[in-house]
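# Inside the fold
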Amino acid sequence: MQDFLQQTLSGETPQPQSGENPQLRWQWWDEGILELTPHQPTRQAIVISAGLHGNETAPVEILNQLMTQLLKGEKALVPRILVILGNPAALRADKRYIRCDINRMFGGRWQQYEDCPEARRAWRLEQAMETFWQAGDHVEVCWHIDLHTAIRGSYHPRFGVLPLNQREWPENFMQWLSAAGLEALVFHRAPAGTFTHYSCEHFNAASCTLELGKAQPFGENDLSQFAAAKQALASLLFGEPLPQNEETPRRYRVSQQITRSSDAFILHMNAETLNFTAFPQGTLLAEDGEKRYYVQQAREYVLFPNPHVAPGLRAGLMLVEDNAHNKTTGS
Ligand SMILES: [Zn+2]
């Protein structure tokens, strides 16, 4: 196998299901799940996922280009990696999802959904992650990088979302996120059903959801926008120097979540509202029957506004800029 994406889109089981080249061994685990193991011992075990949302194709293309170089034996592999194309059925359909948003189902939340392709897939991906990290001896670097694109345009076209974490984030992980060209980092303050929250909570992984630009169909992505992210991934996989990035990402933390709880839900933003649009204190953001959402802090920024979610799910996040941190780093 040389093209993991084409193989996955074909829906067929590869023959053979494992192989090796002078650099590495590969093992196909299941549809869209591939393990690559370098011949030399390593204490790094990294999960890289993309395509949890089937219409977010740019990172899938970037990741597949790197996988093809590895599968052809053109590049050395440093860490053991598990590569995941999250929702193959949705990728084939070029849709965000078939029935339900898989990136709200992790941590066992899939059990609360009626049987659907995404619920079964979330369970399978949780199992795969557990198998992968339990297999390694003395794993010192345990990272999960989940690649996405946003539905909307954004004041920060490239940003990372980090799950709730009681521990300090590893210094080398933060350096890597900066080198990947991210303009902003958003820190969650509450649990969520995302893949990165699951990996961080259950396996102590350093996890980040990378949002790289806006969703476009396969072949219509301007991959040059993502050069730094691709180069940072390449340096992680191939052991090459990290790209230089002078900019320190701005830091935001979640101040409140807007949840759609009924059919009466109204979001007071239009379809053109960009991610990281600022609103002053007191602005009415949304209403849901009796419930009103207002900007509570002096200034809050919206992230992922989406009124079209199923009841009970997140219709947007409000952020505050983490000025204390930004001051100490001089940005
Ligand atoms: Zn996504």
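Rules of the game
- Counting of residues starts from 1 at the beginning of each chain's written sequence and follows it residue by residue.
- In keeping with the predicted nature of the model, local features appear solely for residues at pLDDT of at least 70, side-chain atom pairs appear and are counted solely at 80 or more, and the whole-chain, interface and lining totals rest on all residues.
- With hydrogens and water excluded, all non-hydrogen atoms of the structure serve as input to the side-chain values.
- UniProt positions are given in the numbering used here, feature names are shortened, and annotations may be inferred rather than shown by experiment.
- The secondary structure listing takes helices from DSSP runs of H or I that are at least 4 residues long and strands from runs of E that are at least 2 residues long, numbered from the N terminus.
- All the domain ranges listed were derived from an automatic or database domain assignment.
- Contact definition: two residues touch when any of their heavy atoms are within 4.5 Å.
- Buried area is a sum: the accessible area each of two parts loses on coming together, probed at 1.4 Å, counted once for each and added.
- We define a salt bridge as a side-chain nitrogen of Lys or Arg found within 4 Å of a carboxyl oxygen belonging to Asp or Glu.
- Polar contacts here mean pairs of N or O atoms no more than 3.5 Å apart (in protein, one a potential hydrogen donor and the other a potential acceptor; neighbouring residues in sequence count only if both atoms are side-chain atoms).
- Two strands pair if DSSP finds at least two bridges between them.

## Details of the UniProt feature "domain: AstE/AspA barrel-sandwich hybrid" (unreviewed entry) in the protein
When the UniProt feature table is mapped onto this chain numbering, "domain: AstE/AspA barrel-sandwich hybrid" (unreviewed entry) sits at residues 248–321. Annotation note: span residues 248–321, helix share 0%, strand share 50%, distance between end C-alpha atoms 14 Å.

## A closer look at the domain arrangement of the protein
According to the domain assignment, the protein contains domain 1 (4–238) and domain 2 (252–328). One C-alpha centre belongs to domain 1, the other to domain 2, and the line joining them spans 27 Å. Of the residues lining the interface, 18 residues belong to domain 1; the matching set on domain 2 comes to 19 residues. For the pair domain 1 and domain 2, the two sides together bury roughly 1600 Å², of which 59% comes from carbon and sulfur. Where domain 1 touches domain 2, the interface holds 0 salt bridges. Counting across the domain 1 and domain 2 interface gives 10 residue pairs in polar contact (both at pLDDT 80 or more). For the side of domain 1 that touches domain 2, the elements supplying multiple residues, two or more each, are strand 7 (158–162) and strand 8 (184–187).

## A short note on the pairing of strand 2 (residues 24–30)
As paired strands, strand 1 (residues 18–20) and strand 2 are joined by 3 bridges and run antiparallel to one another. Directly across from Gly19, in strand 2, lies its bridge partner Trp26. Where strand 1 hands over to strand 2, the hairpin turn is made up of 3 residues, counted between the paired strands. Bridge analysis of strand 2 against strand 3 (residues 33–38) gives 6 bridges, and the strand direction is antiparallel. By the bridge assignment, Gln27 is partnered in strand 3 with Glu35. Taking the residues that link successive antiparallel strands as the turn, the strand 2-strand 3 hairpin has 2 residues, and the phi of Gly32 there is positive, at about 70°.

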